[in-house]
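# What the coordinates show
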Amino acid sequence: MARRFHDVRAFADGLKGGVVAIGNFDGVHRGHQAVLAQAIDAARQAGVSASVLTFEPHPRTVFRPDQPVFRLTPAPMKAALLGHLGFDAVVEHPFDKTFSAQSAETFVADILCDCLGVHHVVTGFDFHFGKGREGNPEFLTRSGERHGFGVTLVDAFRDENAQVVSSSRVREALAEGSLGEAAALLGYRFAVSSKILHGQKLGRTLGYPTANMALPPETELKPGIYAVRFRRPYGVVYDGVASFGRRPTVAEDGAALLLETYLFDFSGDLYGETCTVSLVSYLRGEEKFDGLDPLVAQMRIDEAEARAVLAQIKPLSPLDAAMTFETVT
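The structure reproduced in this document is the subject of the present report. Remember, predicted model here, so these are calculated numbers, not experimental data.

### Some details on the packing of helix α7 (residues 167-175) against helix α8 (residues 179-186)
Direction vectors running N to C along α7 and α8 enclose 160 degrees, while the axes themselves pass 8 Å from each other. Comparing their axes, α8 and α7 come out roughly antiparallel. In this structure, α7 crosses over α8, and the sense of that crossing is left-handed. Of the residues in α8, those in contact with Arg169, Val170, Ala173 and Leu174 of α7 are Leu179, Glu181, Ala182, Leu185 and Leu186. A per-class count over the contact of α7 with α8 returns seven nonpolar, no polar and two charged.

### With respect to the packing of aromatic side chains
Counted by the stated rule, this structure contains 14 aromatic pairs. Plain terms: the ring middles of Phe55 and Phe99 are 5.8 Å apart, the flat faces sit at 40 degrees to each other, and that makes the pair tilted. Taken together, the residues Phe55 in strand β3 (residues 50-56) and Phe99 in helix α4 (residues 97-100) connect sequence positions 44 residues apart. Exposure class is identical for Phe55 and Phe99. Each is buried. Ring centres 5.8 Å apart and planes at 75 degrees place the aromatic pair Phe63 and Phe95 in the edge-to-face group. Linking Phe63 in helix α2 (residues 59-63) with Phe95 in the loop between β4 (89-94) and α4, this pair joins segments that are 32 residues apart in sequence. We classify Phe63 as partly exposed; its relative accessible area is 48%. Residue classification places Phe95 among the buried residues on the basis of a relative accessible area of 13%. Of note, Arg307 hangs over the ring of Phe264, and the distance from its end group to the ring centre comes to 4.2 Å.

### Description of the sheet that holds strand β1 (residues 3-5)
Spatially, the six strands line up as an open sheet ordered β1-β4-β3-β2-β5-β6, and their pairing is parallel. Looking along the sheet, the strands with just one partner apiece sit at the ends: β1 and β6 (150-154). Going from strand to strand, the sheet's axes swing by 20 degrees on average, the running direction of each strand aside. Where β1 lies against β4, three bridges are found, and the strand directions are parallel. Bridged to Arg3 within β4 is Ala89. On the sheet, helix α5 (residues 104-115) packs against β2 (19-22), β3, β4 and β5 (120-124) and is oriented at approximately 125 degrees with respect to β3.

Conventions we followed
- Residues numbered from 1 in each chain as written.
- Predicted model: local features only at pLDDT ≥ 70, side-chain atom pairs only at ≥ 80, totals over all residues.
- Heavy atoms only, no water.
- Axes fitted to C-alpha atoms, helices over the stretch in contact; angles between N-to-C directions.
- Helix = DSSP H or I, 4+ residues; strand = E, 2+ residues; numbered from the N terminus.
- Parallel < 35°, antiparallel > 145°, perpendicular 65-115°, else oblique.
- Left-handed = near helix turned anticlockwise from the far one by under 90°.
- Contact = heavy atoms within 4.5 Å.
- Nonpolar A, V, L, I, M, F, W, Y, C, P; charged D, E, K, R; others polar.
- Phe/Tyr/Trp six-rings, centres within 6.5 Å; stacked < 30°, edge-to-face > 60°.
- Buried < 20%, exposed > 50% of the residue type's maximum accessible area, 1.4 Å probe, protein only.
- Lys NZ or Arg CZ within 6 Å of the ring centre and 35° of its normal.
- Pairing = 2+ DSSP bridges.

And the structure:
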């Protein structure tokens, strides 16, 4: 897996002099992967390390804190995806207003040259940096010529319908329950990761014990029932069916959003584990039932449908195989 550094000044000496991809890369979608693939190729051709420089938290969180962004890939998930793509390291450099006010030349001289010792930089064609976004692609290219590193600017990646692939399109698809569209944009099945919490334990009495996750409040998934793949922290994968929503049949109005996953053919204690749920198929919307008996009857139907869906799925890509299918031992 990729090594994670939370400050560029802590970057390991043995990794310096490599190829560095720069960007936020929220979602690590197919557009991002087009940039990242060029960084990997350049590193292999030069025989040097391949790293990613990204920023935490998401810049929008800093500039518009009243409008929190739905993070497709929080830092740990992003690092895992980048590791699967072949990167040696990820630098999650702190982003705040002081950092954003630095000049573009300071960014190049201090971050790229002194701390990372870059051999080559790869980024998107519209990457801007520094105070007032003064560091544009032309500035970066000139800086490379002046400081002795190469620069590759990658054009926007378009899908089969000639539309630019973007994180916002992925968010829109997830909000609509269009998991197929989201997966087509991402190149893998969307996943969330969180610690398993204690719940009301009502599921046990109904014959459907669940692993409960509280996702960030800005998560914009469509409430409803999903066929899922569930991965424990040490890599064992289970099929399951999950409910995302406010549990209207058993909870009071205004209850917090919760992701509850019933794992097929599993018994054991998951409390406190940080697990990952890959969303495979959206089965139906959230409903309020007239009591527990009709709820359980529908849960049996949901389980059968989820088992049927999951029995037929295949990896969409090597990245999807690693994230959704492979059991690590």
